[in-house]
Amino acid sequence: MPSFTEENYLKAIYKLSEATPGTDVSTNGIAEVLQTRPASVTDMLRRLGEKGLLHYQRYRGVSLTQEGRQLALLTIRKHRLWEVFLVQKLGFNWDEVHDVAEQMEHIDSLLLVRRLDEFLGFPRLDPHGDPIPTEDGAMPRPKSRLVSDLVPGEQGRLMAVKNTSPSFLQYLDKVGLKLGSAIEVLDKITFDNSLEVRVNTDKIIMLSPEVGRNLFVAD
Ligand SMILES: [Zn+2]
């Protein structure tokens, strides 16, 4: 059974390798994500390499083995299912669940995960719109575009948020944007690329370029 820390490493490496497909993940990148020193990262990478969970070459970087990838996806699956549970069944707001799910994702019982999935009605997305990997480790990839890539006249429904920090989610709550909201771009301000958008056919708001780069919409 991998330890909490090992699971967090595998998850971080998986996410970093998804962000830049085809390239090895660097020790410094991992250290930054996990907020730890590169020297301790090196120790852990060696250990995970000995367990057959990743390929590690000094100065080249890291890639997950099939087994390491499966474990990373299982941890992500548990994390996202617990987030759904917290929001749907315990009344948490979407900005409150991540830290709690960081703890719950380390519970080992596979039977618990399966029952949880069933209890929730086999959800496909977490409360932030991120896909939930399947039991056999497939990660669905819903099609989407960033709001910042839309041109005036285009529209879509908010399907996921890229940034899941509490401050960003609280901002979306404040301006009335939630998953499923209809967003139509009315104008793009040439000065700084901020966006004038209509939300749900009634409300008109301005979004900064940075906000637009963190919202995914689909048709
Ligand atoms: Zn989360």
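Residues numbered from 1 in each chain as written. Predicted model: local features only at pLDDT ≥ 70, side-chain atom pairs only at ≥ 80, totals over all residues. Heavy atoms only, no water.

A. How the structure looks around the overall build of the protein chain. Helix and strand counts for the protein chain stand at eight helices and eight strands. Expressed along its principal axes, the backbone C-alpha trace of the protein chain runs to roughly 55 × 40 × 25 Å. The buried share among the 219 residues of the protein chain stands at 42%. Within the protein chain, contacts between residues separated by at least 24 positions form 60% of all contacts whose residues are at least 6 apart in sequence. Put simply, the protein chain shows about 12200 Å² of open surface, and 52% of that area lies on carbon and sulfur atoms. Computed over 27 positive and 31 negative side-chain charges, the separation of the two mean positions in the protein chain equals 2 Å. (Helix = DSSP H or I, 4+ residues; strand = E, 2+ residues; numbered from the N terminus. Buried < 20%, exposed > 50% of the residue type's maximum accessible area, 1.4 Å probe, protein only. Contact = heavy atoms within 4.5 Å. Areas by Shrake-Rupley, 256 points an atom, 1.4 Å probe, with all protein chains shown as cover. Lys, Arg positive; Asp, Glu negative; His and termini not counted. Charge placed at Lys NZ, Arg CZ, Asp CG, Glu CD.)

B. Just the coordination of the zinc ion, in detail. All of the protein donors around the zinc ion are His-79 (NE2), Glu-83 (OE) and His-98 (ND1); their distances to the metal are 2.0 to 2.1 Å. Within one chain, the residues donating to the zinc ion are spaced in sequence as H-x3-E-x14-H. Taken together, the residues span about one helical turn, with His-79 and Glu-83 both in helix H4 (residues 66-90) at a distance of four residues. The class of His-79 is buried, set by a relative accessible area of 7%. For Glu-83, a relative accessible area of 1% translates into the label buried. (Donors = N, O, S within 2.8 Å, 3.2 Å for Na, K, Ca; no water.)

C. View of the pairing of strand S6 (residues 195-199). Going residue by residue along S6, you find Leu-195, Val-197 and Val-199 tucked away on one face and Glu-196 and Arg-198 left uncovered on the opposite face. Sheet topology places strand S5 (residues 182-188) next to S6; five bridges connect them, and they run antiparallel. Along S6, the bridge assignment pairs Asp-187 with Glu-196. In this structure, the hairpin formed by S5 and S6 is closed by a connection of six residues, where Asn-193 is found at a positive phi of approximately 65 degrees. Between S6 and strand S7 (residues 203-207), which pair antiparallel in sequence order, lie three residues; one of them, Asn-200, sits at a positive phi of approximately 50 degrees. (Pairing = 2+ DSSP bridges.)

D. Broad picture of the UniProt feature "domain: HTH dtxR-type" (unreviewed entry) in the protein chain. Following the UniProt record, the feature "domain: HTH dtxR-type" (unreviewed entry) maps to residues 1-65 here. Between the end C-alpha atoms of residues 1-65 the distance is 16 Å, and the span holds 57% helix and 12% strand. (UniProt positions renumbered as here; feature names shortened; annotations may be inferred.)

E. Inspection of the side chain of Thr-42 at higher detail. Its location among the elements puts Thr-42 in helix H3 (residues 38-50). Thr-42 gets classed as buried once you look at its relative accessible area, which sits at 12%. A polar contact is formed between the side chain of Thr-42 and the backbone oxygen of Pro-38, at a distance of 2.9 Å. (Polar contact = N/O pair within 3.5 Å; in protein donor to acceptor, adjacent residues only side chain to side chain.)

F. Region of interest: the nonpolar core. Counting residues in each nonpolar core, the largest one holds 20 residues, and the members touching the most others are Leu-172, Leu-177, Val-197, Leu-207 and Leu-215. When residues of this core are traced back to their parent elements, those giving at least two are strand S4 (155-161), helix H7 (166-175), S5, S6, S7 and strand S8 (215-218). If we ignore the near neighbours within four places in the chain, the residues touching Val-197 are Ile-183, Glu-184, Val-185, Leu-186, Lys-203, Ile-204, Ile-205 and Leu-207. By size, the runner-up hydrophobic cluster in this structure holds 19 residues, among which are Tyr-9, Ile-30, Leu-45 and Met-139. (Core = buried A, V, L, I, M, F, W, Y, C linked by side-chain atoms within 4.5 Å.)

G. Quick look at the sheet that holds S4. With antiparallel pairing, the six strands of this open sheet are ordered in space as S3-S8-S4-S5-S6-S7. Either end of the sheet is taken by a strand with one partner, and the two such strands are strand S3 (145-146) and S7. Pairing of S3 with S8 involves two bridges; the strand directions are antiparallel. Looking across to S8, one finds that Leu-146 is bridged to Phe-216. Of the strands in this sheet, S4, S7 and S8 are in contact with H7, which crosses S7 at around 150 degrees. (Axes fitted to C-alpha atoms, helices over the stretch in contact; angles between N-to-C directions.)

H. Region of the structure containing the packing of aromatic side chains. Inspection of the entire model under this criterion finds two aromatic pairs. Ring centres of Trp-82 and Phe-85 lie 5.5 Å apart, and the angle between their planes is 85 degrees; on these two criteria the pair is classed as edge-to-face. Pair noted here: Trp-82 and Phe-85 are both in helix H4, with a separation of three residues, about one helical turn. Neither residue differs from the other here; Trp-82 and Phe-85 are each classed as buried. The interplanar angle of 50 degrees and the centroid separation of 6.4 Å between the aromatic rings of Phe-85 and Phe-119 together place this pair among those described as tilted. Linking Phe-85 in helix H4 with Phe-119 in helix H6 (residues 110-119), this pair joins segments that are 34 residues apart in sequence. Among the aromatic residues, those joined into a ring-pair cluster are Trp-82, Phe-85 and Phe-119. Taking the ring centre of Phe-119 as reference, the NZ or CZ of Lys-89 above it sits at 4.9 Å. (Phe/Tyr/Trp six-rings, centres within 6.5 Å; stacked < 30°, edge-to-face > 60°. Lys NZ or Arg CZ within 6 Å of the ring centre and 35° of its normal.)

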